[in-house]
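Coordinates in review
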Amino acid sequence: MPPLAALAFTEDRRRSTGESHQALCTLLGESGQAPPIPAARHPEQAQLGTAVFLACCKIGGLSEHSLGIVHVRPEEDQLSIRVVNEPYVVHYWAEFLLPA
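Calculation notes
- Residues numbered from 1 in each chain as written.
- Predicted model: local features only at pLDDT ≥ 70, side-chain atom pairs only at ≥ 80, totals over all residues.
- Heavy atoms only, no water.
- Helix = DSSP H or I, 4+ residues; strand = E, 2+ residues; numbered from the N terminus.
- Contact = heavy atoms within 4.5 Å.
- Expected span 1.5 Å × (residues − 1).
- Bend = angle between axes of the 7 residues up to and from the residue.
- Buried < 20%, exposed > 50% of the residue type's maximum accessible area, 1.4 Å probe, protein only.
- Core = buried A, V, L, I, M, F, W, Y, C linked by side-chain atoms within 4.5 Å.
- Pairing = 2+ DSSP bridges.

Counting through the fold element by element, Val 70 comes out in strand β1 (residues 69-74). Sequence separation of Val 70 and Val 84 is 14 residues, and the distance between their C-alpha atoms is 5.9 Å. Excluding residues within four positions of it along the chain, Val 70 makes contact with Gly 18, His 65, Arg 82, Val 83 and Val 84.

Shown next, in the form of structure tokens:
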């Protein structure tokens, strides 16, 4: 597949998740379409994702990543999140978002 076509196929998911084009290229199917963001396996997983997003909406700051999230890697059974390396964001995540 031509590189520009592959770049176009991964554009939406890259914009939505912050995943790299290289990482998504390994997931491109035979049809060349980027894999969709997987749905949550259980209702509790979807509720957790919603709760994390709503809590993140309270994070402010001057970063270009207004929710403090740099990268999200959604998978069927887990959600990997990388946050901005700023003390207030790390503190907020540790104090208010991570399970106690």
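So, on to the environment of Ala 51. Within the secondary structure layout, Ala 51 lies in helix α3 (residues 43-56). With 46 residues separating them along the chain, Ala 51 and Leu 97 place their C-alpha atoms 8.8 Å apart.

Attention now goes to helix α1 (residues 3-17). With 15 residues, α1 extends 20 Å between its outermost C-alpha atoms, agreeing within 8% with the 21 Å of an ideal straight helix rising 1.5 Å per residue. Approximately 45 degrees is the largest bend angle found in α1, and it occurs at Thr 10. For α1, every residue scored as buried is listed here: Ala 6, Thr 10, Arg 13 and Thr 17. Where α1 is buried, its residues touch α2 (21-25) and β1.

The biggest cluster of nonpolar side chains holds seven residues, and these are Val 52, Ala 55, Cys 56, Val 89, Tyr 92, Trp 93 and Leu 97. Elements with a contribution of two residues or more to this core: α3 and α4 (87-97). Among the elements that line this core, the one with the most residues is α4, at four residues.

Where β1 and strand β2 (residues 79-83) come together, five bridges link them in antiparallel fashion. When the sheet's bridge partners are listed, His 71 is paired in β2 with Arg 82. The hairpin turn running from β1 into β2, its antiparallel successor, is four residues long.

Geometric values such as these leave the question of function open.
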